[in-house]
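# Examination of the molecular architecture
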Amino acid sequence: MLVNQFLLLGAFLFCTGVYGVLARRNAVMVLMSIELMLNAVNINLLTFGYLHNAVSGQVFALFIIAVAAAEVAVGLAIILLIYRNRASINVDELDLMRG
Amino acid sequence: MFAQLTQFESPPVDFFSLTPLFILVGGAVVIMLVTSLSPRPIPGWFSTAVSVAASAGAAVVAMVLWNDVRESGPYSTVSDAIGIDGFSLFFTVLVSLGVIATALVGDAYVRREHIAAPEFHALLLTAATGAIVMASANDLVVMFIGLESLSIGLYILAAMQFRRPHGREAAMKYFVLGAFSSAFLLYGIALVYGTTGSTSLIVIRERTSSLGAMVSPSELLIVGIALLLVGFAFKVAAAPFHFWAPDVYEGSGSPVSGFMASVAKAAAFAGLLRVVVVALGANEGDWAVPLAVLSAISIIVGAVMAITQNDVKRMLAFSSVGHAGYILVGVQAATAEGMSSALFYLFAYTFMVIGSFAVVSVIGWDNGHPIERYEGLAKRRPWLAGAFTVFLLAQAGVPMTAGFVAKFLVIKSAVAEEIYWLAILAMVASVITAFMYLRIVMAMWARDADVDDAPRLAVAPATAFVVAAAVAITLVYGIIPDSLIEFTRDAVPALVAGN
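Residues numbered from 1 in each chain as written. Chains lettered and ligands numbered in written order. Predicted model: local features only at pLDDT ≥ 70, side-chain atom pairs only at ≥ 80, totals over all residues. Heavy atoms only, no water.

### Quick look at empty space enclosed by the protein
Residue and element names in this part refer to chain B. Enumeration according to the criterion identifies nine cavities of 30 Å³ or more in this entry. Volume-wise, the largest cavity comes out at about 160 Å³. In terms of lining residues, the largest cavity is bounded by 16 residues, among which Ser 151, Tyr 174, Phe 234, Lys 235 and Trp 244 are the most central. Broken down by secondary-structure element, the contributors of at least two residues to the lining of the largest cavity are helix H5 (140-159), helix H6 (165-196), helix H8 (218-236) and helix H10 (254-279). Considering each element in turn, the lining of the largest cavity owes the most residues, five residues, to H5. Lining the second largest cavity are 16 residues; nearest its centre among them are Tyr 109, Arg 164, Ser 252, Lys 313 and His 369. Only helix H3 (86-113) and helix H9 (244-251) provide two or more residues apiece to the lining of the second largest cavity. (1 Å grid on protein atoms, 1.4 Å probe; cavity = no way out; pocket = protein on both sides within 12 Å on 5 of 7 lines; lining within 4 Å. Points joined across faces, edges and corners; volume = space filled by probe spheres on them. Helix = DSSP H or I, 4+ residues; strand = E, 2+ residues; numbered from the N terminus.)

Below is the structure:
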C-alpha cells in the first residue's frame, strides 16, 4: 500500500489546519481548522493500523471522532455565547485582556 | 453468518481498584439527578457537600489501595489499560484534595456570582475524574480520553463566568488553544503508535528499550516525541507555549483559575511523566535537552513577565508559568530523585496556589484585580493578609515553607545530574520573582488604602477553612517535609502488566 502517500496527506491536512487556526479570523472557521487537524490524525492512525495489521488504530480513530464531536459541541456553545453579546465572531475583537 | 463472528471476551476488571473513579463520577451523577428531578429547589450547599464527600471518599479508597500496593506491589487492570501504582494513587489523593479545596472555595463564590452550583460541582468532579484517568493510564487511548474529559470540563468551567466579557473571552481563548494543543498531542501519539506498533505504554517501553530495530523508522519517533512535548508544554503552561495562561486565569472565576493552576497542571505533568519520561525513557537523549530548554525559558518568562504586571491574577498566572519551569527542572533530570522532587513540588504548589486564588476570590468581588485593591489589606483583614503573605512567600521559596523545600529538591536533582547551568538559572530567577511576590506583600502591609470596602470582604467559613488548611500544609511540610518526601519516593510509575 502507498503508506507514504497517506502519511504525507495526513501531514498536509494537519499543516492546513494549523494555518487555518492561526490565520482565520472567523471563530467557526477556526473550529473547522481544528477538526481538520484531528482528521489528519485519524488518517495517520488508520494508515499505521493498516501497516501493523492491527485494529487498535481504527479503534483509536473512533474514539477521536466521538471526542471531537463533544469538543465541537462545547466550542459552538462558547461561540454562540460571544455572538449573542457582540453580534460578531471575529476572534481579533477578543482583545480585552493583553499584556 | 453470525457463527463467523468471534466471541467477544471482556477483559477481567478489578472493580475495587477503580472505585475512586466510580465515586467521583457517581457524585457528579447524584448532583445532576437530584437537583434536576427534585420538585423543590435544592440549596447550593447540597452540591458542595456531595462533591466534598465524593472526593474525600475517593481519597480514602486511594489510601487503602496505597497500602495494598505497598504490600503486594503495583499491578494493572482492564487488560493493562489502567495502572494501579504509587504514582497513580499519589495523583488520586492530590486531585481529590484539590477538588475538596476548590469545591469549598467555590461554594461561596457561586452564590455571590450567581453561577449554577450543581453544574459547577458536577463539572469539577468529572474534570477530576479525567485528571485521575490521565495519571493512571497505561495506554495512550485511555490517556487521551482522560485528557479530554479533563479539558472539556475545564472549557465549560471557564465559560461559567459568561456574564462578564472577560469570562467569555477567557473561555474562547482557552477552548481554541486547548483543542489546538490536543491536536498536536494526538499527532504525536499517532506517530509514536505508528513507529512502535502499539498504544500500550508497557509495550512501547519494551520495544523502545530492548532493541532499536523494533522501532522503524526512528526519525518518525523523534518527530512524535517532539509533538508530544509541544502538546504537554501547552497543557502545563510552559513557555513559549504559555500565552493562553494569563488571559484565561484572569478571565475565569478565581476558584476555577486555582483549579486549572493546580489540578489541571498536575494531571498534565502526570501524563508527561508517564508517557515521555517512563514509557519513552530509552529515548532520553531525544527529550531531556528540549525539556531543559523549555524549563529555562519558562523560568525566565515567568520571572520577567510577572514583574511587569499590575493585575494580581495575571501575576499569579505568570508565576504559575515559572513554577511549571521549576517542576520541569526535576522532570528533565529523568532520575527517580528528579521525579519525586517534581511530585513534591506539585503537591506543595497545589495548596499554595489554591490558597492564593481563594484569597483572590474574596478580595476580587468584581471585575479586575489591580494590586491597588490589596493596599492596606493588613489593617482591614489581618488574618487574610497574613495567609496571603504565607502563600506568596512560599511561592517565592522562603525557608520554613513547603515552597523552599520544593525548590531545593528540584535544584538538587539537577545538580546531581550535573546540569549546573539550569540549577544556577533557577536560583537566580527565584530571586527575581521574589521581587514580584514582595510587591504584593508590601502593598498589603506597608501602604494605607483610602477606600473602605471592608464590609464587602465577607469571608465565608468554608473559604476560611480552606485558606487555614492550606497555610497549615504549606508551613508543616516546610518544617517537617520528611513524610511527604517519603510519600513521593514511593510514588513512581511502575508500568507493569497483569494483575
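Still to come is the rest of the account.
### Examining the interface of chain A and chain B
When the parts of a complex come together, some accessible area is lost, and that lost area is often taken as the interface size. Across the contact, 42 residues belong to chain A and 42 residues belong to chain B. Summing both partners gives a buried area of about 3,600 Å² for chain A against chain B, and 80% of it is carried by carbon and sulfur. The largest share of the area that chain A buries against chain B comes from Phe60(A), Glu71(A) and Met97(A), three residues that together contribute 21% of it. Counting the contacts that link chain A with chain B gives zero salt bridges. If you look at where chain A meets chain B, you find six residue pairs in polar contact (both at pLDDT 80 or more). Elements represented by at least two residues in the side of chain A that touches chain B include exactly helix H1 (3-23), helix H2 (27-51) and helix H3 (56-86) of chain A. The element contributing the most residues to the side of chain A that touches chain B is H3(A), with 15 residues. Here the residues of the side of chain A that touches chain B sort into 30 nonpolar, nine polar and three charged. (Contact = heavy atoms within 4.5 Å. Buried area = accessible area lost by both parts, 1.4 Å probe. Salt bridge = Lys/Arg side-chain N within 4 Å of Asp/Glu carboxyl O. Polar contact = N/O pair within 3.5 Å; in protein donor to acceptor, adjacent residues only side chain to side chain. Nonpolar A, V, L, I, M, F, W, Y, C, P; charged D, E, K, R; others polar.)

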